[in-house]
Amino acid sequence: QAKEQGRNSYQYYTQALNDTGQDRLALEYALNQALEREEFAVYYQPQIDTRTGAISHMEALARWQHPQLGFISPAQFIPIAEQNGAIVALGHWVLRQACAQAKIWQQLGMSITVGVNLSPRQLRDGALLEMVDQTLAQTNLETSLLELEITESATLHNLTQAQSVLMDLHRMGIGLALDDFGTGYSSLSYLKQFPLDTLKIDRSFVMDLLTQDKDVAIAKAILELGRGLDLRVVAEGVETEELQQLLQNFGCQHMQGYLFSRPLPALEATHLLQTQQSTRAA
Ligand code: C2E
Ligand code: MG
Ligand code: MG
Ligand code: MG
């Protein structure tokens with residue numbers, strides 16, 4: 001019921017937003033206060049290792065529940081936060097939540113790596129390394145249980161600077177994933193220059209795999225690339241068993257998508273992990 005309402009108000013708001021910069025300004029204003037007002041939440045979406053069926057990673061995804069406007073999608077507020085700089089504080093908050101959550105899971109006997117999205121603006125922020133280091137120390141989380149997801153983006157213009165930051169994160173033992181792979185710019189040079197651990201095949205290449213030969217060729221090529229470069233390749237947006245089967249036939253081992261689970265609030269994510277843990281033990 002509440003979900004339904006949230007969706008309705010979100011649709012309504014999307015329509016209203018198509019007008020002028022006025023709405024954007026209102027959203028920007030609301031965004032700046034949203035952290036203090038505790039309107040954000042972090043949801044977690046599992047990544048499955050299909051060879052074992054186990055959840056290996058959980059991606060942290062920001063959610064904004066505005067008291068009047070209802071649920072606002074990250075596709076709407078992340079770009080605004082990115083432009084006005086609010087993403088730095090928001091990103092820090094999401095990272096802290098996610099690291100604390102991974103620590104809780106570890107204390108419950110489950111070694112789950114959390115994936116946290118990093119925006120280009122954060123990557124350009126001179127204080128990023130210290131922020132990440134401090135957050136890991138404060139939450140007492142091992143660096144290997146954190147994977148940062150970066151997107152290929154035109155705004156990643158200072159390659160040398162990005163490369164040096166990523167090298168430092170890598171040296172700290174933090175995992176690095178290239179998100180939405182194939183949709184941005186200069187992806188192949190990123191593969192060469194960044195110390196990556198994971199490639200995430202964008203959902204746009206995954207969703208029509210059953211009908212589109214071009215997508216099949218692209219997905220297979222990315223998987224081959226991943227094998228050659230010794231990267232973990234995760235298919236995003238796997239919604240059906242047919243898709244899972246096809247991807248497995250192509251040698252894809254890691255998947256994320258509604259077939260396995262939608263992004264869940266922390267408590268529900270924990271319950272899901274515990275259910276898995278007990279089925280395995282039994
Ligand atoms: P992303 O990092 O590529 O995250 C995956 C998105 O795909 C999520 O959307 C997730 O809910 C959605 N998704 C997963 N499986 C399926 C599926 O089977 N079908 C469909 N239709 N969708 C699926 P979400 O949560 O709306 O986030 C959208 C984007 O917003 C993210 O894309 C990410 O780029 C950005 N984002 C979200 N949270 C954060 C954050 O804390 N920081 C930053 N910088 N960006 C964030
Ligand atoms: Mg991501
Ligand atoms: Mg992605
Ligand atoms: Mg994506």
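The residue numbering used here restarts from 1 in each chain and proceeds along that chain's sequence as written. Chains and ligands are labelled by the order in which they are written, letters from A for the one and numbers from 1 for the other. Per-residue local features are limited, in this predicted model, to residues with pLDDT of at least 70; the limit for side-chain atom pairs, both in listing and counting, is 80 or more; totals at the level of whole chains, interfaces and linings are taken over all residues. Each side-chain value is worked out from all heavy atoms of the structure, with water and hydrogens disregarded.

The protein is annotated in an unreviewed UniProt entry as Putative signaling protein from Acaryochloris thomasi RCC1774.

1. Overview of the coordination of the magnesium ion (ligand 3)
For Na, K and Ca the donor cut-off is 3.2 Å; for every other metal, N, O and S atoms count as donors within 2.8 Å. Water does not enter the count, which can leave sites looking incomplete. Donor atoms from the polypeptide that coordinate the magnesium ion (ligand 3) comprise Asp179 (OD), Asp180 (OD) and Glu236 (OE), at 1.8 to 2.6 Å from the metal. The sequence motif formed by the donor residues of the magnesium ion (ligand 3) is D-D-x55-E. In this structure, the magnesium ion (ligand 3) lies 3.6 Å away from the magnesium ion (ligand 2), the two metals sharing aspartate 179 as a donor. Think of it in three bands: residues with accessible area under 20% of the maximum for their type are buried, residues over 50% are exposed, and the middle band is partly exposed, with areas taken using a 1.4 Å probe on protein chains only. Overall, the relative accessible area of 4% leaves aspartate 179 in the buried class. Classification of aspartate 180 by relative accessible area gives partly exposed; the value is 25%.

2. Notes on the site of ligand 1
By convention in these notes, a residue is near a molecule or strand provided one of its non-hydrogen atoms lies within 4 Å of it. Lining the immediate surroundings of ligand 1 are 21 residues, of which Arg63, Asn117, Asp179, Glu239 and Tyr258 lie closest. Here an oxygen atom of ligand 1 and a side-chain polar atom of glutamate 59 are 3.0 Å apart. Think of a polar contact as two N or O atoms within 3.5 Å of one another; within protein, one of them needs to be a possible hydrogen donor and the other a possible acceptor, and neighboring residues in sequence only count if both atoms come from side chains. In the model, an oxygen atom of ligand 1 is placed 2.9 Å from a nitrogen or oxygen of the asparagine 117 side chain. Going through the elements one at a time, strand S2 (54–66), helix H3 (74–84), helix H4 (86–107) and strand S6 (175–181) are the ones with two or more residues in the shell around ligand 1. Here a strand is any run of E in DSSP of at least two residues, a helix any run of H or I of at least four, and the numbering for each starts at the N terminus. Here the element with the most residues in the shell around ligand 1 is S2; it accounts for 4 residues. By the convention adopted, Pro, Cys, Tyr, Trp, Phe, Met, Ile, Leu, Val and Ala count as nonpolar, Lys, Arg, Asp and Glu as charged, and the other residues, Gly among them, as polar. Within the shell around ligand 1, the residues separate by chemical class into 9 nonpolar, 5 polar and 7 charged.

3. Quick word on H4
Expected helix span is given by 1.5 Å per residue-to-residue step, counting one fewer step than there are residues. Between its first and last C-alpha, H4 extends 32 Å over 22 residues, near the 32 Å set by a 1.5 Å rise per residue. Downstream of H4 by a residue or two, glycine 109 has a phi angle that is positive, lying close to 90°.

4. Some words on the packing of helix H2 (residues 21–34) against H3
Contact geometry for H2 and H3: axes closest at 10 Å, N-to-C directions at 75°. Between H2 and H3, the angle is such that the two are roughly perpendicular. Along its contact with H2, which presents Arg24, Leu27, Glu28, Leu31 and Asn32, the element H3 presents Phe77, Ile80, Ala81, Gln83 and Asn84. Of the residues in the contact of H2 with H3, the class split is 5 nonpolar, 3 polar and 2 charged. Working convention: axes come from line fits to C-alpha atoms, limited for helices to the stretch in contact. Angles between N-to-C directions cover 0 to 180 degrees. Throughout this description, any angle smaller than 35 degrees is read as roughly parallel, any larger than 145 degrees as roughly antiparallel, any in the 65 to 115 degree range as roughly perpendicular, and the remainder as oblique. Residues are treated as being in contact if the distance between any of their heavy atoms lies within 4.5 Å.

5. Things to note about the environment of leucine 223
Along the polypeptide, leucine 223 turns up in helix H10 (residues 213–228). For leucine 223 and glycine 109, which are 114 residues apart along the polypeptide, the C-alpha to C-alpha distance reads 32 Å. Setting aside residues up to four positions removed in sequence, leucine 223 forms contacts with Ile201, Val233, Phe250, Gly251 and Cys252.

6. Brief notes about the packing of aromatic side chains
What counts as a ring pair is set by centres within 6.5 Å for rings of Phe, Tyr and Trp (its six-membered ring), and what kind of pair is set by the plane angle: stacked under 30 degrees, edge-to-face over 60, tilted for all other angles. As enumerated under the stated definition, the model contains 6 aromatic pairs in all. Chaining the aromatic ring pairs together yields one cluster made of Phe40, Trp64, Phe77 and Trp93. We call a charge positioned above a ring when the Lys NZ or Arg CZ atom is no farther than 6 Å from the ring centre and deviates by at most 35 degrees from the ring normal. The ring of tyrosine 258 is capped by arginine 262, whose NZ or CZ atom sits 3.9 Å from the centre of that ring.

7. Description of the pattern of salt bridges
Whenever a carboxyl oxygen of Asp or Glu lies within 4 Å of a side-chain nitrogen of Lys or Arg, that contact is scored as a salt bridge. One pass over the full model with this rule turns up 6 salt bridges. For glutamate 149, the salt bridge is made with lysine 200, and the minimal N-O distance between the two is 2.8 Å. With glutamate 149 in strand S5 (residues 146–151) and lysine 200 in strand S7 (residues 198–201), this pair connects stretches of sequence that are 51 residues apart. Here the two residues glutamate 149 and lysine 200 agree in accessibility, since each one is buried. Here the salt bridges share partners, and the residues they tie into one network are Glu59, Glu149 and Lys200.

8. A look at the pairing of S2
When you tally the buried positions in S2, you get 11 out of 13 residues, the bulk of the element. Relative to S2, strand S1 (residues 40–49) runs antiparallel, the two sharing 10 bridges. Residue glutamine 47 lies in a different strand from S2, and its bridge partner there is histidine 57. A pair of strands counts as paired when DSSP detects no fewer than two bridges linking them. The antiparallel pairing of S1 with S2 creates a hairpin that spans 4 residues between the two strands, and glycine 53 there sits at a positive phi of about 80°. With 4 bridges connecting them, S2 and strand S4 (residues 113–118) associate as parallel partners. Paired with histidine 57 across the two strands is threonine 113, which belongs to S4. Sheet analysis places S2 next to strand S3 (residues 70–72), joined by 3 bridges and oriented antiparallel. Bridged to histidine 66 within S3 is glycine 70.

9. Some words on the confidence of the model for the protein
The predicted model of the protein averages 90 in pLDDT, with 90% of residues at 70 or higher. Looking at any residue, its pLDDT shows the predictor's confidence there, from 0 to 100. Here residues 1–12 scores under 50 on pLDDT; set against residues more than four positions off or in separate chains, the count is 9 contacts. Across the whole predicted complex the pTM is 0.92, and at the interface the ipTM reaches 0.98.

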